[in-house]
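# Report on the structure
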Amino acid sequence: MSALTIALPKGRLLNPALDVLDTLGYDMAEIRGGTRKLIVEDNKNHARFLLLKPFDVVTFVEYGAADVGIVGQDVLLEQESDVFEPLALPFGFCRIVLATRRERAQTNWRLATSLRLASKYPRITRKFFIERGWSAEIIPLHGSVEIAPALGLSDLLVDIVDTGRTLKENGLVEIETLCHSQAALIVNRASHALRFQEIGALIARLNQVIKEQGD
Ligand code: PRP
């Protein structure tokens, strides 16, 4: 059988994901060394790792180009993809929040009209606004969303908050939390059936590591 293909997200979740995989005995040295390779083999463990943008991790796993992936629940919620999500992982904790400029903190947004909102999460945002009966034009961005209000691109934004520093340093305040997020293991549905023992063992080992770290 081919090597187990594990998709990893570049960015904030990469280092904690490498730590967990290290603990499981995988060889993460080449990735830690800053390789520019996007497929990294670990022949000893019959595995290979793909280094991808977080949103693409879900796509690779959904289509079976990777068997397994590590990604944030924020991305899963936004993509609404058909993947198996057997396990939440104990890192990457953050919130998705609605925010605005400090000067507009007291605005009654329910009564406001012709609002524009910038976000990397248009689907999550749209759902939240529909539930509230609010309306806004959603402007999709791919990053640095926090500069949109200051430049007049939007009145509001929806983005991830971890420490809160990015909001603060860009003169923004939170209005409301839409949802919480943390890292998760995802599995391609066909791989889960075809490599049941191998992937089941990986999930069991991960569960064990999480339990030991929690003790
Ligand atoms: C995320 C998010 C915020 C920031 C929040 O950006 O989009 O910008 O982290 O973190 P903080 O609350 O600890 O300041 P990321 O670094 O993932 O990059 P991005 O701007 O490309 O989205």
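Residues numbered from 1 in each chain as written. Predicted model: local features only at pLDDT ≥ 70, side-chain atom pairs only at ≥ 80, totals over all residues. Heavy atoms only, no water.

### Overview of the pattern of salt bridges
Per the stated rule, a full pass over the model turns up 14 salt bridges. Taking the shortest distance from any N to any O, the salt bridge between Asp22 and Arg32 comes out at 2.5 Å. Pair noted here: Asp22 is in helix H1 (residues 14–23) and Arg32 is in helix H2 (residues 29–32), with a separation of 10 residues, a long-range link. Via salt bridges that share partners, Asp19, Asp22 and Arg32 belong to a single interconnected network. (Salt bridge = Lys/Arg side-chain N within 4 Å of Asp/Glu carboxyl O. Helix = DSSP H or I, 4+ residues; strand = E, 2+ residues; numbered from the N terminus.)

### Examining the pairing of strand S3 (residues 47–52)
Burial of S3 is extensive: five of the six residues sit out of reach of the surface. Sheet topology note: the strand S1 (residues 4–9)/S3 ladder contains six bridges and is parallel. Paired with Leu8 across the two strands is Leu51, which belongs to S3. For strand S2 (residues 39–42) and S3, the ladder comprises four bridges, and the chain directions are antiparallel. (Buried < 20%, exposed > 50% of the residue type's maximum accessible area, 1.4 Å probe, protein only. Pairing = 2+ DSSP bridges.)

### Considering the side chain of Asp42
Mapped onto the elements of the fold, Asp42 is located in strand S2. Here Asp42 occupies a buried position and makes no salt bridge, while the nearest side chain of opposite charge, Lys44, is found at 6.1 Å. A distance of 2.9 Å separates a polar atom in the side chain of Asp42 from the backbone nitrogen of Asp27. (Lys, Arg positive; Asp, Glu negative; His and termini not counted. Polar contact = N/O pair within 3.5 Å; in protein donor to acceptor, adjacent residues only side chain to side chain.)

### Things to note about the environment of Val75
Examined against the element boundaries, Val75 turns out to sit in helix H4 (residues 73–79). For Val75, a relative accessible area of 4% puts it in the buried group. In this structure, the C-alpha to C-alpha distance between Val75 and Gln182, residues 107 residues apart in sequence, is 10.0 Å. Once you skip the residues sitting within four places of it in the chain, Val75 turns out to touch Pro54, Phe55 and Val58. (Contact = heavy atoms within 4.5 Å.)

### Side note on the domain arrangement of the protein
Taken domain by domain, the protein consists of domain 1 (4–92 + 182–214) and domain 2 (94–181). A straight line from the C-alpha centre of domain 1 to that of domain 2 covers 30 Å. The partner domain 2 presents 13 residues to the 11 residues of domain 1 that form the contact. Interface area for domain 1 against domain 2, summed over the two sides, is near 970 Å², with a carbon-plus-sulfur share of 48%. Taken together, the connections running from domain 1 to domain 2 amount to three salt bridges. A salt bridge links Lys127 to Glu80; the shortest N-O distance between them is 3.0 Å. Our count for the contact surface shared by domain 1 and domain 2 stands at nine residue pairs in polar contact (both at pLDDT 80 or more). Tallying contributions element by element places H4 first for the side of domain 1 that touches domain 2, with five residues. In terms of residue class, the side of domain 1 that touches domain 2 is built from two nonpolar, five polar and four charged. (Domains from an automatic or database assignment. Buried area = accessible area lost by both parts, 1.4 Å probe. Nonpolar A, V, L, I, M, F, W, Y, C, P; charged D, E, K, R; others polar.)

### Observations regarding the sheet that holds strand S9 (residues 156–161)
Ordered by their spatial adjacency, five strands build an open sheet running S8-S7-S9-S6-S10, and the pairing between neighbours is mixed. Unpaired on one side and paired on the other, strand S8 (137–140) and strand S10 (172–181) mark the two borders of the sheet. Within this sheet the neighbouring strands show an average axis-to-axis angle of 25°, counted without direction. Of the strand pairs in this sheet, strand S6 (residues 94–101) and S10 are connected by eight bridges, and their pairing is antiparallel. Along S10, the bridge assignment pairs Ile96 with Cys179. (Axes fitted to C-alpha atoms, helices over the stretch in contact; angles between N-to-C directions.)

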